[in-house]
Amino acid sequence: FRFVAAELKDEWVTELRARHAGAALAGVVGDVSTEDGAAALWEAAITPFGGVDHVVVSVNVPVRSRPLLEFGAQELSQVLLGNVVTHFVATKVLRPRLPDHGQLIGIGGGTADFIFPQQAHISMGQAAMRMMYRGAAKEARSGAQVHELMIVSMVASEATKDIAQPDWITNEEVGRHICAILDAPDRFPKPVLHLRSRAQVGQPEAEG
């Protein structure tokens, strides 16, 4: 198992190394807000192991809940830049560099079709991200596959540990589900995949 962690804090990489003793693990710092930055990140990522087979893009900017029309145009543009354009840049730059058997998976949220109170800006970004990944997958007629994995569940993480409920999906379970997709891509053929519950981890979503 070889893993390149990009844009992680040093303490996170140290923790990952401790938890996965014996695994090949490298941490690199990069930037996917520009095409040049994404290309430089690729070069830094392939150095430790000589290549990269798959890419998982999990990028967003934290924005507090607030009414949509309280945003200024420039501020909203910055939110969409951080939550959508970064995924576009990563897909445009990194996907062509992957081997034909590779996969690029973007992690998105599940509110593309509904809006929580004072979170319309988040739903806008998630809807745009979904269509971006659909478009990229449709245009990728050969070479590495493109998917979005929409997490249609609350996620128990370091940020939500104080409020997490037992039925919430954990970060580790999201990781296991991604590994299942990478290990058996024929079982997960759709451009937009959904992870809806802990019971589904490692399994394709039910049809219908």
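Bear in mind the structure is a predicted one, so any value in this text is a computation, not a measurement.

## Looking at helix α2 (residues 35–46)
Since there are 3.6 residues in each turn of an α-helix, residues three or four apart along the chain are aligned in direction.
Part 1: Given a rise of 1.5 Å per residue, twelve residues ought to cover 16 Å, and the 17 Å separating the end C-alpha atoms of α2 matches this to within 8%.
Part 2: Those residues of α2 not exposed but buried are Gly37, Ala38, Leu41, Trp42 and Ala45. The buried residues of α2 occupy an angular sector of 145° when projected down its axis, which confines them to one face.

## A look at unusual backbone geometry
Part 1: For Gln118, which is not glycine, the phi torsion reads 60° and is therefore positive.
Part 2: Looking at where Gln118 falls in the secondary structure, it is placed in the loop between β4 (103–109) and α4 (120–139).

## Comments concerning the nonpolar core
Part 1: Membership of the largest hydrophobic core comes to 23 residues, with the highest contact counts inside it found for Val55, Leu94, Leu98, Leu104 and Tyr133.
Part 2: Where this core is concerned, the elements lending two or more residues are α2, β3 (54–57), α3 (73–94) and α4.
Part 3: The biggest single contributor to this core is α4, with five residues.
Part 4: Sequence-distant contacts of Tyr133, that is, excluding residues within four places in its chain, are made with Val57, His87, Thr91, Leu104, Gly106, Val146, His147 and Glu148.

## Some details on a nonpolar patch on the surface
Part 1: On the surface, Leu68, Leu69 and Met124 cluster together into a nonpolar patch covering about 300 Å² of accessible area.
Part 2: Mapped onto the fold, Leu69 is located in the loop between β3 and α3.

## Some remarks on the sheet that holds β3
Part 1: The sheet built from four strands is open, its strands ordered β3-β4-β5-β8 with parallel pairing. Here the strands that pair on one side only, and so sit at the sheet edges, are β3 and β8 (192–195). Taken pair by pair, the neighbouring strands of this sheet meet at an average axis angle of 20°, ignoring direction.
Part 2: With four bridges joining them, strand β5 (residues 145–151) and β8 adopt parallel strand pairing. Within the sheet, the bridge partner assigned to Met150 lies in β8 and is His194.
Part 3: Seen against the sheet, α4 touches β3, β4, β5 and β8 and runs at an angle of roughly 155° to β5.

## Considerations on the packing of α3 against α4
Part 1: At a minimum axis separation of 10 Å, α3 and α4 run at an interaxial angle of 20°. It follows that α3 is roughly parallel to α4 by the angle criterion. Seen from above, α3 lies across α4 with right-handed handedness. Listed contacts from α4 to Leu76, Leu80, Asn83, Val84, His87, Phe88 and Thr91 of α3 are His121, Met124, Gly125, Ala128, Met129, Met132, Tyr133 and Ala136.
Part 2: When the residues that make up the contact of α3 with α4 are grouped by side-chain class, the tally is ten nonpolar, five polar and no charged.

## Focus: the pattern of salt bridges
Part 1: Summed over all chains, the structure comprises six salt bridges.
Part 2: Note that Arg66 is salt-bridged to Glu75, the shortest N-O span being 2.6 Å.
Part 3: For Arg66, a relative accessible area of 12% translates into the label buried.
Part 4: When its relative accessible area of 34% is taken as the criterion, Glu75 is described as partly exposed.
Part 5: Connected through salt bridges with shared partners, the residues Glu173, Arg176 and Arg198 form a single ionic network.

The rules behind each value
- Residues numbered from 1 in each chain as written.
- Predicted model: local features only at pLDDT ≥ 70, side-chain atom pairs only at ≥ 80, totals over all residues.
- Heavy atoms only, no water.
- Helix = DSSP H or I, 4+ residues; strand = E, 2+ residues; numbered from the N terminus.
- Expected span 1.5 Å × (residues − 1).
- Buried < 20%, exposed > 50% of the residue type's maximum accessible area, 1.4 Å probe, protein only.
- Arc of directions from axis to C-beta.
- Core = buried A, V, L, I, M, F, W, Y, C linked by side-chain atoms within 4.5 Å.
- Contact = heavy atoms within 4.5 Å.
- Patch = residues over 30% accessible without salt bridge, like charges linked within 9 Å, V, L, I, M, F, W, Y side chains within 5 Å.
- Areas by Shrake-Rupley, 256 points an atom, 1.4 Å probe, with all protein chains shown as cover.
- Salt bridge = Lys/Arg side-chain N within 4 Å of Asp/Glu carboxyl O.
- Pairing = 2+ DSSP bridges.
- Axes fitted to C-alpha atoms, helices over the stretch in contact; angles between N-to-C directions.
- Parallel < 35°, antiparallel > 145°, perpendicular 65-115°, else oblique.
- Left-handed = near helix turned anticlockwise from the far one by under 90°.
- Nonpolar A, V, L, I, M, F, W, Y, C, P; charged D, E, K, R; others polar.

Note that all results are geometric; they support no functional claim without further evidence.
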